[in-house]
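# Commentary on secondary and tertiary structure
Each chain, written out:
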Amino acid sequence: MDRLTGRTQMEKERDINILVTGGAGVIGSSLVKKLSGQITVTDNLSSSSSDPIADLIASNKVKFVRGDVRNLRLMKELTKDIDLVVHLAANGDVRYSPEKGTKLDTMVNTVGTFNVLEAMRVNDVKKIIFSSSSSVYGRASQIPTPETYGPLIPESLYASSKIGAEALILSFSKMFSFKAYIFRFANIVSSNFRKVGRNVIPDFVMKLKDNPKTLEVLGNGHQKKSYLYVDDCINGMLYASAKSRRDIDIFNLANIDSIEVKEIAKIVIEEMGLVNTRIKYTGGEAGWLGDVPISILDIKKVTELGWTPKLNSMEAVRKSARGIIRSISIRRS
Ligand SMILES: NC(=O)c1ccc[n+]([C@@H]2O[C@H](COP(=O)([O-])OP(=O)(O)OC[C@H]3O[C@@H](n4cnc5c(N)ncnc54)[C@H](O)[C@@H]3O)[C@@H](O)[C@H]2O)c1
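Presented here is an overview of the structure given in this document. Values in this document were obtained by computation on a predicted structure and should not be read as measured data. (Residues numbered from 1 in each chain as written. Predicted model: local features only at pLDDT ≥ 70, side-chain atom pairs only at ≥ 80, totals over all residues. Heavy atoms only, no water.)

## Side note on the sheet that holds strand β14 (residues 294-295)
Spatial strand order, β12-β9-β14: three strands in an open sheet with mixed pairing. Bordering the open sheet on either side are β12 (259-260) and β14, each of which pairs with just one other strand. Direction of pairing for strand β9 (residues 224-225) relative to β12: antiparallel, over a ladder of two bridges. Opposite Lys224, over in β12, you have Glu260 as the bridge partner. (Pairing = 2+ DSSP bridges. Helix = DSSP H or I, 4+ residues; strand = E, 2+ residues; numbered from the N terminus.)

This is the structure we're talking about:
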């Protein structure tokens, strides 16, 4: 209870106006279900659909605006009377492909972030939460990698676009007194998956649906990374941004442990109830151009605030695999 206004914490939270960019995506759609306040979601639906939040839109709990973060004028309209921006919109597919080209990451992830920040400045919005990525560390020589690690030498255009976005957030925050909480996510896994640029688990599930006899795994199978379940990711973001004692802060958000890609392949095969599936490795240390074969983050900073993930990497992968397999069989039947 606030002694001056007599309002409870819940009443105060209900009054907050929040803009979530990329709110129809895998992480965004789970996040908006957990937020209280007046929520506007904007998303261009390039890698998602509004289905996961359709109920919230229909019941007027969420206002949905189909739009693009590359549109500065729209961002200025959407940030009017907003108290907090959770900026998740991005081209989330780390891989380079000739069809995707070399421009998309920078235009959406960096210039899009500039537009969000400029719109916030114009409309005097004072707080941003941002989804960065462990990819900013490149092939770090310090494992587990802490937030203070540098220099940041990106291996992909996606990673450099996130470094650019982080730099813009930090300078806007310093110059115009925004509060800014940047989260460098590990691999976030979920029972939902994006339409474009599938992550490892849905990729394996779909490949095995097509051909249960052989699973092609990119790289030598020894790529070792930390996986975090989407609910843990969201709780971590909300928890650390509320508990941080700084106005500008950067956190790694990951699991303490890590697993190899070949173990993920085995889990997916097992969960699909397949036997005698041959795993074929394409070879090489990295799975694709720009892949970082070992990504293990130091999460002391966020755990010292009191947050811990509920599921470890193995459990997170298994739960996601089960959910994806179930949703695909339901959709097909
Ligand atoms: N999932 C992960 O493992 C992971 C890891 C590190 C960082 N991240 C970051 O977290 C955020 C959310 O990722 P996600 O896994 O939910 O991915 P996602 O692709 O499901 O979500 C991103 C959303 O942004 C939307 N979007 C793309 N371009 C847009 C544009 N120009 N304008 C407006 N909307 C646009 C997409 O349609 C999608 O709904 C992204 O910023 C991503 O880079 C994700």
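From this point, the narrative continues.
## Regarding the environment of Lys126
Considering the arrangement of structural elements, one finds Lys126 in the loop between α5 (104-123) and β5 (127-133). A relative accessible area of 35% means that Lys126 is categorised as partly exposed. Dropping the residues within four chain positions of it, Lys126 is found in contact with Asp83, Phe176, Ser177, Phe178 and Lys179. A distance of 3.2 Å separates the side chain of Lys126 from the side chain of Asp124, its partner in a polar contact. (Buried < 20%, exposed > 50% of the residue type's maximum accessible area, 1.4 Å probe, protein only. Contact = heavy atoms within 4.5 Å. Polar contact = N/O pair within 3.5 Å; in protein donor to acceptor, adjacent residues only side chain to side chain.)

## So, the packing of aromatic side chains
This structure, assessed with the given rule, holds six aromatic pairs. Judged by centre distance (5.6 Å) and plane angle (15 degrees), the ring pair of Phe183 and Phe251 falls under stacked. Note that Phe183 is positioned in strand β6 (residues 179-185) and Phe251 in strand β11 (residues 248-253), a separation of 68 residues in sequence. Each member of the pair, Phe183 as well as Phe251, is classed as buried. Three or more aromatic residues joined by ring pairs form one cluster here, namely Phe114, Phe172, Phe176 and Phe178. It is Lys301 that lies over the ring of Phe251; its NZ or CZ is 4.9 Å from the centre. (Phe/Tyr/Trp six-rings, centres within 6.5 Å; stacked < 30°, edge-to-face > 60°. Lys NZ or Arg CZ within 6 Å of the ring centre and 35° of its normal.)

## Concerning the site of the ligand
Around the ligand, the structure places 29 residues, and the nearest of them are Ile27, Asp43, Ser48, Leu88 and Tyr158. At a separation of 2.8 Å, a nitrogen atom of the ligand approaches a polar side-chain atom of Asp68. Leu88 is positioned with one of its backbone polar atoms (N or O) 2.8 Å from an oxygen atom of the ligand. For the ligand, whose free accessible area comes to 820 Å², the fraction covered by protein is 96%. Broken down by secondary-structure element, the contributors of at least two residues to the shell around the ligand are α2 (26-34), β5, α6 (157-176) and β7 (187-189). A total of three residues in the shell around the ligand trace back to one element, the largest contributor, which is β5. (Near = heavy atom within 4 Å. Areas by Shrake-Rupley, 256 points an atom, 1.4 Å probe, with all protein chains shown as cover.)

## Observations concerning the packing of helix α7 (residues 200-210) against helix α9 (residues 261-271)
Running from amino to carboxyl end, α7 crosses α9 at an angle of 50 degrees, the nearest separation of the two axes being 10 Å. Considering their axes alone, α7 and α9 lie oblique with respect to each other. Handedness of the α7/α9 crossing: right-handed. Residue-level contacts link Val200, Ile201, Phe204, Val205 and Leu208 of α7 to Val261, Ile264, Ala265, Val268 and Ile269 of α9. Taken together, the residues of the contact of α7 with α9 sort by class into ten nonpolar, no polar and no charged. (Axes fitted to C-alpha atoms, helices over the stretch in contact; angles between N-to-C directions. Parallel < 35°, antiparallel > 145°, perpendicular 65-115°, else oblique. Left-handed = near helix turned anticlockwise from the far one by under 90°. Nonpolar A, V, L, I, M, F, W, Y, C, P; charged D, E, K, R; others polar.)

## So, α5
Structurally, the α-helix is built with 3.6 residues per turn, so residues lying three or four positions apart point the same way. In a regular helix each residue adds 1.5 Å, so 20 residues correspond to 28 Å; α5 covers 27 Å between its end C-alpha atoms and thus fits that length. Taken as a whole, α5 carries its principal kink of about 25 degrees at Gly112. Those residues of α5 not exposed but buried are Asp105, Val108, Asn109, Thr110, Gly112, Thr113, Asn115, Val116, Leu117, Glu118, Ala119 and Met120. Where α5 is buried, its residues meet β1 (17-21), α4 (72-78), β4 (84-87), β5 and α6. (Expected span 1.5 Å × (residues − 1). Bend = angle between axes of the 7 residues up to and from the residue.)

## Digging into the pattern of salt bridges
This structure, assessed with the given rule, holds 18 salt bridges. Of the charged contacts in the structure, one is a salt bridge between Asp68 and Arg70, with a shortest N-O distance of 2.9 Å. Salt-bridge contacts for Glu260 lead to Lys262; the nearest nitrogen and oxygen are separated by 3.8 Å. Residue Lys262 is classed as partly exposed on the basis of its relative accessible area, which comes to 25%. (Salt bridge = Lys/Arg side-chain N within 4 Å of Asp/Glu carboxyl O.)

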